[in-house]
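Understanding the architecture of this molecule
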Amino acid sequence: MRACVLRSTGGFDQITIADVPGPAADRLGPREVLVGIRAAALNHLDLFVIRGVPGVSHEFPHILGADGAGVVAAVGAEVRRVQPGNRVMINPGISDYSCEYCRAGEHSLCVTYRLLGEHLPGTMAEYVVVPEQNVAPIPSLDPPLSWGEAAAFSLVTLTAWRMVVTRAQVRPGETVLIWGIGGGVSLTALGIAKLRGARVFVTSSSDAKLAHARELGADVTLNHRTQEVWKEVRALTNKRGVDVVVENVGEATWEDSLRALAKGGRLVTCGATTGPRVVTDVRRLFWNQYTIMGSTMGNAAEYEEIVRQLGAGKLRPVVDRVYPFDEARAAFERLEKAEQLGKVVVTVSE
Ligand SMILES: [Zn+2]
């Protein structure tokens, strides 16, 4: 099958479209599903994989891509959730569905939690095999979801939902600051925070992206290249600060995130795109009684909930641009340069 693979870690020069052995339909596990991929969406995770993630080793060529949508091609003997021909989206977080955390319903805390495209062969290929728990039928909407939108949905929506709803528990009337609105998780977090009735502040280094974010519901927009975000936040909230900060930037923003928080505020983080070693003034932490929380992907119940919300016409993904399969490298370059607003998608097969 055709696949977008990494020949070895190290950089974009190692990305290529290659013919690789595909999964065998007659060797599926009893609860596994073979999906014929139509479109795959890119995530920041892919850029880490391309550069090399410490502690994660791959068999090369390694198939990239966490997010994907397509048509069920074959199912294992015990699969009940879907059947061949169904159009599905894929939840890229693969659990063993049996450890202590899985039994408690917390699948993204699974002791063997793995992600498609990072620890497992990814979605940028004509076929991928996943457990049946990891596929969801694509809801019918008007207008219908494109393959690109369906592919763009799962990773960022699941991540942002757990951050905003499950972890930070944003309530109506609260104030929320979201850094870097061009990114998929941030843009999705904006939509979810608005659904929760919050007043949302967003940042970007691009005034064009900030203008677009206002159209998508942002209440306050701040240019973090030309403005000191935490000071602006304080000025705009009568010196109070915001109730919640949604972080995935890490080193570059961490201290300003804490400076922007109101007393008793919550900081929730799912990433560290500018580096993982942050500085926390512990006096500020205890005096203001802040809560710092980590968040990764989401569990099966959260995935069901976001698919239900999508079916109700909410949380429709924002697609930035769709690239043909042969131009996958250009798609990664767009993500690397942070030119996008929303999800960058690659069409895998027509
Ligand atoms: Zn588990």
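All of the points below concern the structure found in this document. (Residues numbered from 1 in each chain as written. Predicted model: local features only at pLDDT ≥ 70, side-chain atom pairs only at ≥ 80, totals over all residues. Heavy atoms only, no water.)

Turning to the state of the cysteines, a few remarks are in order. One pass over the structure, following the stated rule, counts zero disulfides. For Cys270, which is in no disulfide, the shortest distance to another cysteine sulfur is to Cys110 and amounts to 19 Å. (Disulfide = S-S within 2.5 Å.)

Attention shifts here to the coordination of the zinc ion. Those donors, Asp96 (OD), Cys99 (SG), Cys102 (SG) and Cys110 (SG), are the protein atoms that reach the zinc ion, and they lie 2.1 to 2.3 Å from it. Expressed as a motif, the donor residue spacing for the zinc ion is D-x2-C-x2-C-x7-C. According to the relative accessible area criterion, Asp96 is partly exposed, its value standing at 29%. Judged by its relative accessible area of 6%, Cys102 falls in the buried class. (Donors = N, O, S within 2.8 Å, 3.2 Å for Na, K, Ca; no water. Buried < 20%, exposed > 50% of the residue type's maximum accessible area, 1.4 Å probe, protein only.)

All right, on to a nonpolar patch on the surface then. Taken together, the side chains of Tyr101, Leu109 and Val111 make up a nonpolar region of the molecular surface, amounting to roughly 280 Å² of accessible area. Looking at where Val111 falls in the secondary structure, it is placed in the loop between helix H2 (100–103) and strand S8 (114–115). (Patch = residues over 30% accessible without salt bridge, like charges linked within 9 Å, V, L, I, M, F, W, Y side chains within 5 Å. Areas by Shrake-Rupley, 256 points an atom, 1.4 Å probe, with all protein chains shown as cover. Salt bridge = Lys/Arg side-chain N within 4 Å of Asp/Glu carboxyl O. Helix = DSSP H or I, 4+ residues; strand = E, 2+ residues; numbered from the N terminus.)

A complete count under the given rule lists one aromatic pair for this structure. Taking the centre distance of 6.5 Å and the plane angle of 45° together, the rings of Phe12 and Phe332 count as tilted. One end of the pair, Phe12, is in the loop between strand S1 (2–6) and strand S2 (15–19); the other, Phe332, is in helix H10 (residues 328–336), and 320 residues separate them in sequence. As far as burial versus exposure is concerned, Phe12 and Phe332 are alike and both buried. A cation sits over an aromatic face here: Arg87 above Trp147, 4.5 Å from the ring centre. (Phe/Tyr/Trp six-rings, centres within 6.5 Å; stacked < 30°, edge-to-face > 60°. Lys NZ or Arg CZ within 6 Å of the ring centre and 35° of its normal.)

Let's shift gears to helix H3 (residues 147–167). Here H3 contains 21 residues, and its C-alpha end-to-end distance of 30 Å stays within 8% of the 30 Å for a straight helix at 1.5 Å per residue. Along its length, H3 reaches its greatest deviation from straightness, about 40°, at Phe153. (Expected span 1.5 Å × (residues − 1). Bend = angle between axes of the 7 residues up to and from the residue.)

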